[in-house]
2 protein chains.
Amino acid sequence: MTSVSTEPRDTDGPSPATAPTGGSAAQRERRRRILDATITLAAEGGFDAVQMRAVAEKAEVALGTLYRYFPSKIHLLVSALAREFTKDVDRSAIRATPGDTAHERIMYVLNRRTRALQKQPKLTEALVRAFMFADQSVTGEIHEVGTSLTTVIARAMHGTPDHGEVTEEEAAIIRIISDVWLSALISWVTGRMDAEDVEKSIDVAVRLLLR
Amino acid sequence: MTSVSTEPRDTDGPSPATAPTGGSAAQRERRRRILDATITLAAEGGFDAVQMRAVAEKAEVALGTLYRYFPSKIHLLVSALAREFTKDVDRSAIRATPGDTAHERIMYVLNRRTRALQKQPKLTEALVRAFMFADQSVTGEIHEVGTSLTTVIARAMHGTPDHGEVTEEEAAIIRIISDVWLSALISWVTGRMDAEDVEKSIDVAVRLLLR
DNA sequence: CCCGAGAGTGAAACACGTTCCTACGTGAGT
DNA sequence: ACTCACGTAGGAACGTGTTTCACTCTCGGG
């Protein structure tokens with residue numbers, strides 16, 4: 001794979017991919033079909049199975065069109081990840097997180113999410129790989145994912161759906177927890193940790209950080 | 001890029017790559033030339049510049065030979081990373097780490113290493129990318145890198161070149177620090193953090209963990 | 001000295017991400 | 001209804017990681 005070019009193509013206007021909500025109805029529909037196809041293929045066969053020709057075919061768009069919407073495979077996968085992740089966050093906003101302490105609540109949300117990911121190992125492998133391989137040109141999508149995760153953890157920390165102010169220190173703690181979670185996920189995806197290890201390593205991190 | 005096959009090829013015996021020290025003198029020499037070429041190309045042009053044909057040519061071996069030594073580009077780069085990393089660890093064993101507190105000593109070694117990496121951004125990009133993209137078949141090389149890093153941090157924590165026993169909790173803390181460092185490096189490599197952010201985020205993590 | 005096996009060579013072929021080009025269709029403005 | 005711009009279809013072509021294959025070289029045992 002070659003790295004994604006750092007600058008966007010300037011041969012035409014902003015690509016539809018940069019604005020998930022813009023464009024005509026037909027364009028939003030195409031975008032949805034493409035992301036659906038991506039998720040399906042990734043869930044079946046992981047990163048390698050998400051082949052651009054296969055995605056295009058399954059989504060019933062031309063290869064050129066796929067590239068107009070998403071400038072690279074990495075963009076495509078990270079966008080898919082962002083969409084799924086954001087969905088989850090929206091769902092989690094509905095009700096307060098169970099648990100009596102910040103520790104319990106954080107573990108609850110992270111474990112729930114971890115288990116959801118582990119139920120679809122191939123999909124997770126594809127998404128984590130893409131996330132890891134992303135370069136500067138994917139900053140936007142990555143930031144979206146990061147923000148989602150931060151929001152979820154902040155909510156869990158405070159135990160309320162609408163997290164108010166987050167202190168400097170809390171933000172730092174959340175970042176570290178995110179880092180540990182990501183590292184653990186990588187280790188799991190690459191077969192260097194099992195599911196139990198992932199939960200345990202996050203538990204230890206949260207315990208050490210929240211004391 | 002396609003993922004590395006999960007199982008090793010069983011058409012012949014163990015490849016020379018698995019045993020950096022084994023083989024004939026000529027084989028060790030070839031291996032060295034290959035890794036040198038890899039480092040040179042990576043330092044000049046990053047991940048994309050490490051092209052298997054180019055490595056083979058610069059190392060003066062045939063492409064098939066290169067693949068006999070390293071079954072994929074990822075193995076090649078991670079092996080190169082492991083070699084460089086191990087070198088550093090050996091150097092750091094020579095003398096005690098300066099600093100009055102564990103915090104200071106840990107920051108000293110990590111910052112020193114961080115700055116060394118930042119002096120060769122292309123090389124670091126190539127190595128970190130490979131590390132992130134590695135799958136199960138590279139477990140051995142990755143473990144080598146992880147062990148090196150753990151050793152260095154453990155030494156710094158205790159302030160002595162020969163770190164004695166490491167408690168359960170210390171090991172957990174070291175793992176978390178490694179995770180944060182890796183995350184920060186990824187963010188730096190992908191342009192989402194600058195050099196200062198990297199040091200700061202590690203500093204915060206060490207402070208929160210060692211209190 | 002000769003042999004056979006394993007290692008190395010060199011080149012072709014294949015797979016998949018990415019780019020590019022040409023023709024087609026469709027919808028907004030006239 | 002006409003037309004022009006633009007997005008899309010369809011597919012060829014290119015680059016690079018990876019595989020394969022037929023050949024050659026080297027070297028240790030007879």
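### Focus on the protein's contact with DNA strand D
Right, on to step 1. Near DNA strand D there are 18 residues, and of these Ala62, Thr65 and Tyr69 of chain A together with Arg53 and Lys73 of chain B occur at the shortest range.
Right, on to step 2. Arg53 of chain A places a polar side-chain atom, nitrogen or oxygen, 3.2 Å from a base nitrogen of DNA strand D.
Right, on to step 3. Grouping the amino acids of the surface near DNA strand D by side-chain chemistry returns seven nonpolar, five polar and six charged.

### A few points about the packing of helix H5 (residues 102–119) of chain A against helix H8 (residues 168–189) of chain A
The packing of two helices is summarised by the inter-axis angle and the distance between the axes.
Residues and elements named next belong to chain A.
Right, on to step 1. Between H5 and H8, the shortest axis-to-axis distance is 12 Å and the interhelical angle comes to 25°. Overall, the two elements H5 and H8 adopt an arrangement that is roughly parallel. The hand of the H5/H8 crossing is right-handed. Contacts between H5 and H8 involve Ile106, Leu110, Arg113, Thr114, Leu117 and Gln118 on the former and, on the latter, Ile177, Trp181, Leu185 and Trp188.

### A few points about the relation of the copies chain B and chain A
Right, on to step 1. In screw terms, the move from chain B to chain A is a rotation of 180° and a rise of 0.0 Å along the axis, fitting with an RMSD of 0.1 Å. Here the copies are linked by what is in effect a two-fold axis.
Right, on to step 2. Here 100% of the interface residues in chain B have copies in chain A that are interface residues too; the copies meet face to matching face.

### Section: the protein's contact with DNA strand C
Right, on to step 1. Close to DNA strand C lie 18 residues, the nearest being Arg53 and Lys73 of chain A together with Ala62, Thr65 and Tyr69 of chain B.
Right, on to step 2. A share of 65% of the atoms of DNA strand C within 4 Å of the protein falls on sugar and phosphate groups.
Right, on to step 3. At 3.1 Å, a side-chain N or O of Tyr67 of chain A approaches a phosphate oxygen of DNA strand C.
Right, on to step 4. The separation between a base nitrogen of DNA strand C and a polar side-chain atom of Arg53 of chain B is 3.3 Å.
Right, on to step 5. Sorting the residues of the surface near DNA strand C by element identifies helix H2 (52–59) and helix H3 (63–69) of chain A together with helix H1 (25–49) and helix H3 (63–69) of chain B as the ones contributing at least two each.
Right, on to step 6. Across the surface near DNA strand C, the residue classes break down as seven nonpolar, five polar and six charged.

### Topic: the packing of aromatic side chains
Right, on to step 1. Counted according to the given criterion, the structure contains five aromatic pairs over all chains.
Right, on to step 2. Consider the rings of Phe85 of chain A and Trp181 of chain A, whose centres lie 6.4 Å apart with planes at 55°: the pair is tilted. Here the residue Phe85 of chain A occupies a position in helix H4 (residues 73–92), and Trp181 of chain A occupies one in helix H8, the gap between them amounting to 96 residues.
Right, on to step 3. What makes Phe85 of chain A buried here is its relative accessible area of 9%.
Right, on to step 4. When the ring of Phe133 of chain A is compared with that of Phe47 of chain B, the centres are 5.4 Å apart and the planes differ by 80°; the resulting orientation is edge-to-face. With one member in each of two chains, Phe133 of chain A in helix H6 (residues 121–133) and Phe47 of chain B in helix H1 form a pair that bridges those chains. One exposure class covers both Phe133 of chain A and Phe47 of chain B, and it is buried.
Right, on to step 5. Chaining the aromatic ring pairs together yields one cluster made of Phe47 and Phe133 of chain A together with Phe47 and Phe133 of chain B.
Right, on to step 6. Between the NZ or CZ atom of Arg129 of chain A and the centre of the ring of Phe133 of chain B, over which it lies, the distance is 5.0 Å.

### Quick notes on the nonpolar core
Across soluble globular proteins, you tend to see nonpolar side chains buried next to one another.
Right, on to step 1. Grouped together as the largest cluster of nonpolar side chains are 134 residues, with contacts concentrated most on Ile34, Leu66 and Leu110 of chain A together with Ile34, Leu66, Leu76 and Leu110 of chain B.
Right, on to step 2. Excluding its chain neighbours within four sequence positions, the residues that come into contact with Ile34 of chain A are Val55, Ala59, Val61, Leu66, Tyr69, Phe70 and Leu76 of chain A.

### Description of the interface of chain B and chain A
Right, on to step 1. Contacts between chain B and chain A engage 33 residues on the former and 33 residues on the latter.
Right, on to step 2. Between chain B and chain A, the buried area comes to about 3,000 Å², and carbon and sulfur atoms account for 56% of it.
Right, on to step 3. The largest share of the area that chain B buries against chain A comes from Arg129, Phe133 and Arg211 of chain B, three residues that together contribute 19% of it.
Right, on to step 4. Across the chain B-chain A interface, the total number found is two salt bridges.
Right, on to step 5. For the pair chain B and chain A, the interface holds nine residue pairs in polar contact (both at pLDDT 80 or more).

### Concerning the pattern of salt bridges
Residues and elements named next belong to chain A.
Right, on to step 1. All told, the structure shown has 20 salt bridges over all chains when counted by the stated rule.
Right, on to step 2. Two residues, Arg83 and Glu84, come together in a salt bridge whose shortest N-O distance is 3.5 Å.
Right, on to step 3. A relative accessible area of 22% means that Glu84 is categorised as partly exposed.
Right, on to step 4. Several salt bridges share partner residues, and in doing so they unite Glu29, Arg32, Arg33, Asp36, Arg83, Glu84 and Lys87 into one network.

Reading guide: rules and limits
- Residues numbered from 1 in each chain as written.
- Chains lettered and ligands numbered in written order.
- Predicted model: local features only at pLDDT ≥ 70, side-chain atom pairs only at ≥ 80, totals over all residues.
- Heavy atoms only, no water.
- Near = heavy atom within 4 Å.
- Polar contact = N/O pair within 3.5 Å; in protein donor to acceptor, adjacent residues only side chain to side chain.
- Nonpolar A, V, L, I, M, F, W, Y, C, P; charged D, E, K, R; others polar.
- Axes fitted to C-alpha atoms, helices over the stretch in contact; angles between N-to-C directions.
- Helix = DSSP H or I, 4+ residues; strand = E, 2+ residues; numbered from the N terminus.
- Parallel < 35°, antiparallel > 145°, perpendicular 65-115°, else oblique.
- Left-handed = near helix turned anticlockwise from the far one by under 90°.
- Contact = heavy atoms within 4.5 Å.
- Least-squares fit on C-alpha atoms with pLDDT ≥ 70 in both.
- Phe/Tyr/Trp six-rings, centres within 6.5 Å; stacked < 30°, edge-to-face > 60°.
- Buried < 20%, exposed > 50% of the residue type's maximum accessible area, 1.4 Å probe, protein only.
- Lys NZ or Arg CZ within 6 Å of the ring centre and 35° of its normal.
- Core = buried A, V, L, I, M, F, W, Y, C linked by side-chain atoms within 4.5 Å.
- Buried area = accessible area lost by both parts, 1.4 Å probe.
- Salt bridge = Lys/Arg side-chain N within 4 Å of Asp/Glu carboxyl O.

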